[in-house]
Amino acid sequence: MKKYDLRSDTLTLPSKEMRKAMYTADVGDDVYAEDPTINKLQDLAAKLTGKRAALFVSSGSMGNLIPLYINAGKGGEILTHKNSHIIHYELSSLSALAGAMPVAVEGKRGILIPEELQKHLRPDIYYMPQVKVIEIENSHNKEGGTCYKLEELKAVNDFARKNNLKVHMDGARLFNAAEATGIPVKKICSHADTVTFCLSKGLGAPVGSMLCGTEKFIAEARRIRKMLGGGMRQAGVLAAAGIYALEHNITRLKTDHENAQLLAHVLAEVPWAEIELSTVETNILYFSTGKRKAENVVSALAKKGILAGAAGPHTIRFVTHMGISSEDTKEICNLLKQISITK
Ligand SMILES: Cc1ncc(COP(=O)(O)O)c(C=O)c1O
């Protein structure tokens, strides 16, 4: 039986062409800044995001930790959505390693707005912690792959400028957000001081993320990366996969979004699922299983070869990616219609 793995876009595998780019890459010692392929990737990432410089880091988690360490560390507060990745899935690294305090902020669809941010600012009294950074996630994973509109990005950025705060964007799926909203990547990034995006998710590289910002910031980020044990040597073999991903795999994200729409429309029709179609914006979709237990529905799906994760007692997440073609999606839709489950 064919397996359709919808658990995450982190499951994408490097293609034959990507592997060829990896094994033919020129390499050097990156701690000496002498790996030509890493340097090329960093230049490319800076150019794409419109920032002055970029740093290749091992993961999205490290790409979030370093800027928050630099801009909020040792007692500073970070305003972030209550369902952000940094709160739920990064092992409290902000408190454990950076010494910063994440503050959970309310926001519909994972979007932060000035009215909610304002509630968390404190008077400048010596015994009160002070907010240093606003962290925005775009697209927002746990809220369903949702994206900031341009005016929403501007509102957060204006609020940050007014209050002398930095903005960090967790753009693990930045290119999905750009594709879905039609806002150019550079324009999205112009509303954040620092941006992290992942090569290893929908873009299909096996490892790595890019941290982008000013030259001064990236020079400091390089120091903190080394301190965290993230200084890599001949990692050009990994960077080559990243370059390949950026040159070949951005435009195809549209297909993942179309496939997510197809799945969502079938889920809206089957009796065992409930979904609000307007919530599906990119390649991530969540649906309710109503009174049925999510784990029972996950088992029923698995019997048809569809792998998915329970995201709550009555919630399931599907993520589309390059390992799921449009043909596969049609077949998954047929299989979904065949499932019958009562509890
Ligand atoms: C929104 C978001 N940010 C950050 C990360 C962390 O990326 P990594 O798993 O590479 O540390 C993820 C991973 O899924 C994510 O979804």
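The preceding data block contains the structure.
So, here is what we can say about the structure in this document. Remember, predicted model here, so these are calculated numbers, not experimental data. Counting restarts for each chain: residues are numbered from 1 in the order of the written sequence. Residue-level local features of this predicted model are given only where pLDDT is at least 70; pairs of side-chain atoms are given and counted only at 80 or more, and the full residue set underlies all totals for whole chains, interfaces and linings. Hydrogen atoms and water are omitted, and side-chain values are computed over all heavy atoms in the structure.

Comments concerning the overall build of the chain
- Helix numbering and strand numbering both begin at the N terminus, where a helix is a DSSP run of H or I of at least 4 residues and a strand a DSSP run of E of at least 2. A tally of helices and strands in the chain yields 14 helices and 12 strands.
- With the C-alpha coordinates aligned to their principal axes, the bounding extent of the chain is approximately 60 × 55 × 35 Å.
- When accessible area is computed with a 1.4 Å probe and restricted to protein chains, residues below 20% of their type maximum are described as buried, those above 50% as exposed, and intermediate ones as partly exposed. Across the 343 residues in the chain, those meeting the buried criterion constitute 53%.
- Of all intrachain contacts in the chain linking residues separated by at least 6 positions in sequence, the fraction that spans at least 24 positions is 73%.
- In this description, accessible areas are obtained by the Shrake-Rupley approach with a 1.4 Å probe, and a residue is regarded as covered only by the protein chains that are shown. Accessible surface, the chain: about 15,300 Å² in total, of which carbon and sulfur atoms supply 53%.
- Positive charges come from Lys and Arg, negative ones from Asp and Glu, while His and the chain ends are left out of the count. Here the site of a charge means NZ on Lys, CZ on Arg, CG on Asp, or CD on Glu. Charge-centre separation for the chain: the mean point of 44 positive side chains lies 2 Å from the mean point of 37 negative side chains. Whether two residues are in contact is decided by their heavy atoms, any of which lying within 4.5 Å being enough.

Here we look at the sheet that holds strand S7 (residues 194-198)
- The sheet built from seven strands is open, its strands ordered S2-S8-S7-S6-S5-S3-S4 with mixed pairing. At either end of the open sheet lies a strand with only one pairing partner, and these are strand S2 (53-57) and strand S4 (101-105). On average, each strand axis in the sheet is tilted by 20 degrees relative to the strand beside it, whichever way the strands run.
- Bridging between strand S3 (residues 77-81) and S4 involves five bridges; their strand directions are parallel. Paired with threonine 80 across the strands is alanine 104, a residue of S4. Pairing between strands is defined by DSSP: at least two bridges between the two strands are required. Axis angles are defined between N-to-C directions and span 0 to 180 degrees, where every axis is a line fitted to C-alpha atoms and, for a helix, only to the segment in contact.

Details of the site of the ligand
- The criterion for a residue being near a molecule or strand is simple. One of its heavy atoms has to lie within 4 Å of it. Every residue near the ligand is listed here: Ser59, Gly60, Ser61, Asn64, His85, Glu90, Glu137, Asn141, Asp170, Ala172, Arg173 and Lys201.
- The term polar contact refers here to a pair of N or O atoms within 3.5 Å; inside protein, the definition further demands a hydrogen-donor-capable atom paired with an acceptor-capable atom, and it admits residues adjacent in sequence only when both atoms are side-chain atoms. Within the backbone of glycine 60, a nitrogen or oxygen atom sits 2.9 Å from an oxygen atom of the ligand.
- Aspartate 170 has a polar side-chain atom sitting 2.6 Å from a nitrogen atom of the ligand.
- Here the ligand loses 84% of its free accessible area of 390 Å² to cover by the protein chains.
- A total of three residues in the shell around the ligand trace back to one element, the largest contributor, which is helix H3 (residues 60-72).

Observations concerning the nonpolar core
- Among the nonpolar cores identified, the biggest contains 49 residues, and Phe56, Ile134, Ile136, Leu174, Phe197 and Met210 are the most heavily contacted of them.
- Considering every element that reaches this core, the biggest residue donor is helix H11 (residues 236-248), with six residues.
- In contact with isoleucine 134, other than residues within four places in its own chain, are Leu79, Leu112, Leu117, Val156, Phe159, Ala160, Leu165, Lys166, Val167 and His168. Throughout this description, the term nonpolar core refers to a set of buried Ala, Val, Leu, Ile, Met, Phe, Trp, Tyr and Cys residues connected via side-chain atoms within 4.5 Å.

Describing the sheet that holds strand S9 (residues 284-288)
- Here three strands make up an open sheet; going across it, the order is S9-S12-S11 and the pairing antiparallel. Every interior strand has two partners, whereas the edge strands, S9 and strand S11 (309-312), have only one. With strand direction ignored, the average angle separating the axes of adjacent strands in the sheet is 35 degrees.
- Two strands pair when backbone bridges link them, and S11 and strand S12 (residues 315-319) are joined in this way by three bridges, in the antiparallel orientation. Following the sheet pairing, glycine 312 is matched in S12 by threonine 315.
- Here helix H13 (residues 294-303) sits on the sheet in contact with S11 and S12, set at roughly 40 degrees to S12.

With respect to the packing of aromatic side chains
- Put simply, two rings from Phe, Tyr or Trp (the six-membered ring, in Trp's case) pair if the centres are within 6.5 Å, and we call them stacked under 30 degrees between planes, edge-to-face over 60, tilted for the rest. The full count for this structure, using the stated rule, is four aromatic pairs.
- Taken together, a centroid distance of 5.1 Å and an interplanar angle of 90 degrees make the contact between phenylalanine 175 and phenylalanine 197 edge-to-face. With phenylalanine 175 in helix H8 (residues 174-181) and phenylalanine 197 in strand S7, this pair connects stretches of sequence that are 22 residues apart. We note that phenylalanine 175, like phenylalanine 197, is buried.
- Among the aromatic residues, those joined into a ring-pair cluster are Trp272, Phe287 and Phe318.

Concerning the pattern of salt bridges
- Here, a salt bridge means any Lys or Arg side-chain nitrogen found within 4 Å of an Asp or Glu carboxyl oxygen. In total, this model carries 17 salt bridges according to the counting rule given.
- Here lysine 119 ties to glutamate 116 by a salt bridge, and the two come within 3.1 Å at their closest N and O atoms.
- Between aspartate 193 and arginine 161 there is a salt bridge, with the nearest N and O atoms lying 2.9 Å from each other. Separated by 32 residues along the polypeptide, aspartate 193 in the loop between helix H9 (185-189) and S7 and arginine 161 in helix H7 (residues 150-162) bring together distant segments of the chain.
- Accessibility expressed as a relative area gives 44% for arginine 161, which makes it partly exposed.
- Three or more residues joined by partner-sharing salt bridges are found here, namely Arg109, Glu152 and Glu281.

Let's talk about a nonpolar patch on the surface
- Patch definition: residues with relative accessible area over 30% and no salt bridge; like charges joined within 9 Å; nonpolar side chains (Val, Leu, Ile, Met, Phe, Trp, Tyr) joined within 5 Å. A cluster of nonpolar side chains, Ile125, Tyr126 and Tyr127, forms an exposed patch at the surface whose accessible area comes to about 420 Å².
- Mapped onto the fold, tyrosine 127 is located in the loop between helix H6 (114-118) and strand S5 (131-137).
- By relative accessible area, which is 58% here, tyrosine 127 ends up exposed.

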